[in-house]
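Notes for the structure review
These are the residues of each chain, in order.
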Amino acid sequence: MEYNWGIKDLKEAKEKLKIILKKEKNKNTKNYIKSLIKRLNDYIAEEELSLHPSQEKISVPEEVAYDQTLANIEYDLSSCHEYYSLVSFFAHTTDAMQDKIEEIESILSQRLTPDDGYSKITGATITNEKALSLTSQFYNGFSPELSLVFQNAFAQRNSSIRFVDNVEEDCVANSTYIDIVKRYFISITKTDDLSKLYTFIHEYGHVISYILNPKSMYFSSEFAFDEVASLFPELVAQYENIGNYDKAQVAFESYVTFILYRNKAINLDAHRYFIKLWNDNNRNTDDTYMEKIKELEFDEETFTDAIETVIDDEGTYIISYMVALELLHIYKQDKQRALEIFERFLKTPYTESLRAYLESEFTIGSHLQEETEYLIDNFKKELKKSGEFHV
Ligand SMILES: [Zn+2]
């Protein structure tokens, strides 16, 4: 089957919206359609830019860039302080697992470089068709209500999915949805690694939530929960081992997701120390400042990496992951209950607080230690059983 979409599809959706806009009388609906057109225009502009990338890059002197970035972080620390505390909670709770993590890393380093997938050991590959059919199998068994939404979206997959060489830096896939004309667009990086299956389940989680609740996608101010819709199905798919893959390989996929978020959480948690030192140093990132940063055990490269980690991007994944782990914890005991909470979450109007709803059901982070410890112990157990490593 052929999969593709491009600028032509975006323009086609835009033309349809313009026709609907002309006929529309209601002022609010008109404004809503205009915001959709604006969104499409942004995508079209991005697409044009990627087709004709400009050669010139503006370079900013590094120290000026550091000061500007730190000023942004200082602002974020106060405007998103609740999100920062959840992320710090994540970093500190998982610190307890550091010894076990180091043990696993030293085992993995016998056979894998940090960029390798576990397929290097098992040799497992997955075709696009297989990944899509397992995604379909997963959603059809996941929840009857969500399965109907999924099936409608899945039927349009040829003109809604495209495989690209590289989506963006540090990003294997993305998706969006244009309400009213009911079009969604997924871009996914070409790979034959098993991770593609979870990426599809992840992106279709977004698509389902957009279809069920498009206004929440456009207007919700609670960005920290944007990834729950995708991460919870992804975690369930790994827990249920959809497709019956090698258990060590599936445990590896869960493990790398956790490690990715743990590293980002450590970066975000360091922000308040960076800002304190910066203010103590007259808001100047000179050599004295960089010396102090080194004392925090950040060399220039890890410091740059840490200040480029932002709460409303990476932080979103960490907090959503914490929520998804709580849902998984409930799912393990009572599937029905977890799905009810998840479906209600997906349908929460953007005018209501998602956090308030979630916290009426559970405390975010209350099973973080238990679930991440299980994830790590389970991976170690599978590594032992696989006999591939000297554990
Ligand atoms: Zn996502």
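Residues numbered from 1 in each chain as written. Predicted model: local features only at pLDDT ≥ 70, side-chain atom pairs only at ≥ 80, totals over all residues.

**Regarding the sheet that holds strand β1 (residues 161-164)**
- Taken together, 3 strands build an open sheet; the order of strands is β1-β3-β2 and the sheet is mixed. With one partner strand each, in any of the chains shown, β1 and β2 (173-178) form the two edges of the open sheet. Across the sheet, the mean angle from the axis of one strand to that of its neighbour is 15 degrees, orientation sign disregarded.
- The pairing of β1 with strand β3 (residues 183-189) spans 4 bridges and is parallel. (Pairing = 2+ DSSP bridges. Helix = DSSP H or I, 4+ residues; strand = E, 2+ residues; numbered from the N terminus. Axes fitted to C-alpha atoms, helices over the stretch in contact; angles between N-to-C directions.)

**Some details on the pairing of β2**
- As defined by bridge partners, β2 adjoins β3 across 6 bridges and the pair is classed as antiparallel. Of the residues in β3, the one forming a bridge with A173 is I188.
- The turn joining β2 and β3, which pair antiparallel and follow one another in sequence, is formed by 4 residues; a positive phi near 75 degrees is taken by I180.

**Some thoughts on the packing of helix α7 (residues 128-142) against helix α8 (residues 144-155)**
- At a closest axis distance of 7 Å, the pairing of α7 and α8 adopts a crossing angle of 150 degrees. Between α7 and α8, the angle is such that the two are roughly antiparallel. In the crossing of α7 with α8, the sense of the turn from one axis to the other is left-handed. Counted together, S136, Y139, N140 and F142 of α7 and L146, S147, F150 and F154 of α8 form the full contact between these two elements. (Parallel < 35°, antiparallel > 145°, perpendicular 65-115°, else oblique. Left-handed = near helix turned anticlockwise from the far one by under 90°. Contact = placed C-beta atoms within 7 Å.)

**A short note on the packing of helix α12 (residues 247-280) against helix α18 (residues 368-386)**
- With their axes 9 Å apart at the nearest point, α12 and α18 run at an angle of 145 degrees to one another. In the crossing of α12 with α18, the sense of the turn from one axis to the other is left-handed. The segment α12 lies against α18, with K247, A248, A251, F252, S254, Y255 and F258 engaging T372, L375, I376, N378, F379, E382, L383 and S386.
- A per-class count over the contact of α12 with α18 returns 9 nonpolar, 4 polar and 2 charged. (Nonpolar A, V, L, I, M, F, W, Y, C, P; charged D, E, K, R; others polar.)

**As for the domain arrangement of the chain**
- Domain annotation for the chain reports domain 1 (7-51) and domain 2 (63-159 + 192-386).
- For domain 1 and domain 2, the distance between their C-alpha centroids amounts to 31 Å. (Domains from an automatic or database assignment.)

**Things to note about the nonpolar core**
- In terms of nonpolar packing, the biggest core is built from 87 residues, with V87 and A324 touching the most fellow members.
- By residue number, the principal contributor to this core is helix α15 (residues 314-333), which donates 11 residues.
- Summarising the domain contributions, this core has at least three residues from each of domain 1 (7-51) and domain 2 (63-159 + 192-386).
- Leaving out residues up to four positions away in the same chain, A324 has contacts with V228, L231, F232 and L235.
- Core analysis: the next-biggest nonpolar cluster, separate from the first, contains 12 residues, Y66, L70, A270 and W278 among them. (Core = buried A, V, L, I, M, F, W, Y, C linked by C-beta atoms within 7 Å. Buried ≥ 20, exposed ≤ 12 C-beta atoms within 10 Å, placed from the backbone.)

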